[in-house]
Amino acid sequence: MAEIFAATGLVLAAGISAIASILVAKLRTENTTRYDAALEGLVRNGAYLDGIASDLSKNATRYDAALEGLVRNGARLEGIASDLSEVKADVTYTKKAHDRHIEWHIEGKKPR
């Protein structure tokens, strides 16, 4: 009888070991599948983020070019403002000279 129990114990142990091996293999397969899916998701997200970074870089280049244009326009506007100041000073001087000339005529003086 002891031999039957020993043989039965060995069979049970072998069966439990086989079932454990199957369960471990199944878990490894499930985990590998989950990890593979997660890795594919990370790769997709990486490509998406790379696209965003590329777009940001292009936009930064465009913004830099626009800023340089604004700086050039600002310099041009400063030059125009300077020219306008000179013209304003000339117009003011001419107006004052004209007003003095008109007053000279009003006072009754005749031109030479």
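Quick note: structure is the one above.
Residues numbered from 1 in each chain as written. Predicted model: local features only at pLDDT ≥ 70, side-chain atom pairs only at ≥ 80, totals over all residues. Heavy atoms only, no water.

Q: Help me understand the overall build of the chain, please; the structure alone is not making it clear to me.
A: Of regular secondary structure, the chain possesses one helix and zero strands. A buried classification covers 2% of the 112 residues belonging to the chain. Per element, the accessible surface of the chain, about 10,100 Å² overall, is 65% carbon and sulfur. (Helix = DSSP H or I, 4+ residues; strand = E, 2+ residues; numbered from the N terminus. Buried < 20%, exposed > 50% of the residue type's maximum accessible area, 1.4 Å probe, protein only. Areas by Shrake-Rupley, 256 points an atom, 1.4 Å probe, with all protein chains shown as cover.)

Q: Help me out: how do you make sense of the pattern of salt bridges in this one?
A: If charged atoms from side chains of opposite charge come close, those side chains can pair. On inspection of all chains with the given rule, the structure shows one salt bridge. The partner of Lys-95 in a salt bridge is Asp-99, and the shortest N-O contact between them spans 3.1 Å. Of this pair, Lys-95 and Asp-99 both sit in helix H1 (residues 2–106), four residues apart, which is roughly one turn of the helix. (Salt bridge = Lys/Arg side-chain N within 4 Å of Asp/Glu carboxyl O.)

Q: Mind showing me how you'd approach a nonpolar patch on the surface here?
A: Residues Tyr-48, Leu-49, Ile-52 and Leu-56 make up a contiguous nonpolar surface patch of about 430 Å² in total accessible area. When you line up the elements, Ile-52 lands in helix H1. (Patch = residues over 30% accessible without salt bridge, like charges linked within 9 Å, V, L, I, M, F, W, Y side chains within 5 Å.)

By themselves these figures say nothing about function.
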